[in-house]
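Chain by chain, the residues:
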Amino acid sequence: MSTTESTNFVSVRIITGDVARLVEFYEKATGAQAAWATEDFAELRTPTAALAIAGTRTVPLFAPGSARPAANQSVIIEYLVDDVDHVHENLSAWVTDFVSGPTTMPWGNRSLLLRDPDGNLINFFTPVTPAAVAKFAR
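Here the structure is a predicted model, which means the values were calculated and not measured. (Residues numbered from 1 in each chain as written. Predicted model: local features only at pLDDT ≥ 70, side-chain atom pairs only at ≥ 80, totals over all residues. Heavy atoms only, no water.)

Novice: Could you give an account of the sheet that holds strand S3 (residues 41–45), with specific residues and numbers?
Specialist: One open sheet holds the 4 strands; their spatial order is S1-S4-S3-S2, and the pairing between them is mixed. Each edge of the sheet is formed by a strand with only one pairing partner; in this case those strands are strand S1 (11–16) and strand S2 (34–38). Direction aside, the axes of adjacent strands within the sheet are offset by 20° on average. Packed on one face of the sheet, helix H2 (residues 19–30) meets S1, S2, S3 and strand S4 (50–55) and runs near 160° to S4. (Pairing = 2+ DSSP bridges. Helix = DSSP H or I, 4+ residues; strand = E, 2+ residues; numbered from the N terminus. Axes fitted to C-alpha atoms, helices over the stretch in contact; angles between N-to-C directions. Contact = heavy atoms within 4.5 Å.)

Spelled out as structure tokens, the structure:
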């Protein structure tokens, strides 16, 4: 069996110094309700994957020093939404760190880029060209 046949992408995990603050942000930004396993770990599930948020006390369970909070400089967490302009309007009342307003990208998505309280990049996007709409058809 090849790796792709036996592998199923299920989540991205963010390590943070303040789990409650970050969970509250993502609940408000996405409308998803977190499922808490412990005070150090919660997940926000969508139909296709989950965003896991874990505290720094969980890092030594994997490997001490292997992850640091608020140190992401390369990953963008992406959410497919029905209307990115409407999402922008709703978030504008309380999100303080927009990187770019709704912009139509060359690959056919209209994207909104912002940062969460730990500085992680989030892209809310809506496919707008026929090719992009077909690619993300639900």
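Novice: Quick one: what's the story with the packing of aromatic side chains, residue by residue and with numbers?
Specialist: Summed over all chains, the structure comprises 4 aromatic pairs. Note on Tyr 79 and Phe 124: the rings are 5.5 Å apart at their centroids and 25° apart in plane angle, and the pair reads as stacked. Here Phe 124 lies in strand S8 (residues 121–127) and Tyr 79 lies in strand S5 (residues 76–80), a separation of 45 residues in the sequence. On the basis of relative accessibility, which here comes to 14%, the residue Tyr 79 falls in the buried class. Note on Phe 125 and Phe 136: the rings are 5.1 Å apart at their centroids and 65° apart in plane angle, and the pair reads as edge-to-face. Note that Phe 125 is positioned in strand S8 and Phe 136 in the segment after helix H5 (130–135), a separation of 11 residues in sequence. Classification of Phe 136 by relative accessible area gives partly exposed; the value is 26%. In textbook terms, an aromatic cluster arises when at least three aromatic residues are bridged by ring pairs, as seen for Phe 25, Tyr 26 and Trp 94. (Phe/Tyr/Trp six-rings, centres within 6.5 Å; stacked < 30°, edge-to-face > 60°. Buried < 20%, exposed > 50% of the residue type's maximum accessible area, 1.4 Å probe, protein only.)

Novice: Now, about the sheet that holds strand S6 (residues 98–104): what can you tell me, with residues and values included?
Specialist: Strand order in this open sheet of 4 strands is S5-S8-S7-S6, and the pairing throughout is mixed. Of all the strands in the sheet, just S5 and S6 have a single pairing partner and so form its edges. Recorded for the sheet is a direction-independent mean angle of 15° between the axes of neighbouring strands. Summarising the sheet, S5 and S8 pair through 5 bridges and their orientation is parallel. Bridging from a neighbouring strand, Leu 80 pairs with Phe 125 of S8. Each of S6, strand S7 (109–115) and S8 touches helix H4 (residues 84–91); the most contacted strand, S7, lies at about 20° to it.

Novice: For the pairing of S3, give the residues involved together with the corresponding values.
Specialist: Pairing of S2 with S3 involves 4 bridges; the strand directions are antiparallel. Its bridge partner lying in S3, Ala 34 is registered against Leu 44. Taken together, S2 and the strand that follows it, S3, pair antiparallel across an intervening segment of 2 residues. Relative to S4, S3 runs antiparallel, the two sharing 5 bridges. Note on S4: the bridge partner recorded for Arg 45 is Ala 50.

Novice: I'd like a rundown of the pairing of S4, residues and numbers included.
Specialist: Among the 6 residues in S4, 6 count as buried, and that is most of the element. Residues Ala 50, Ala 52 and Ala 54 of S4 are buried on one face, and the alternating residues Leu 51, Ile 53 and Gly 55, pointing to the opposite face, are buried as well. As paired strands, S1 and S4 are joined by 6 bridges and run parallel to one another. Within S4, the residue paired with Ile 15 across the bridge is Ala 54. Where S3 folds back onto S4 in an antiparallel hairpin, the turn is made up of 4 residues.

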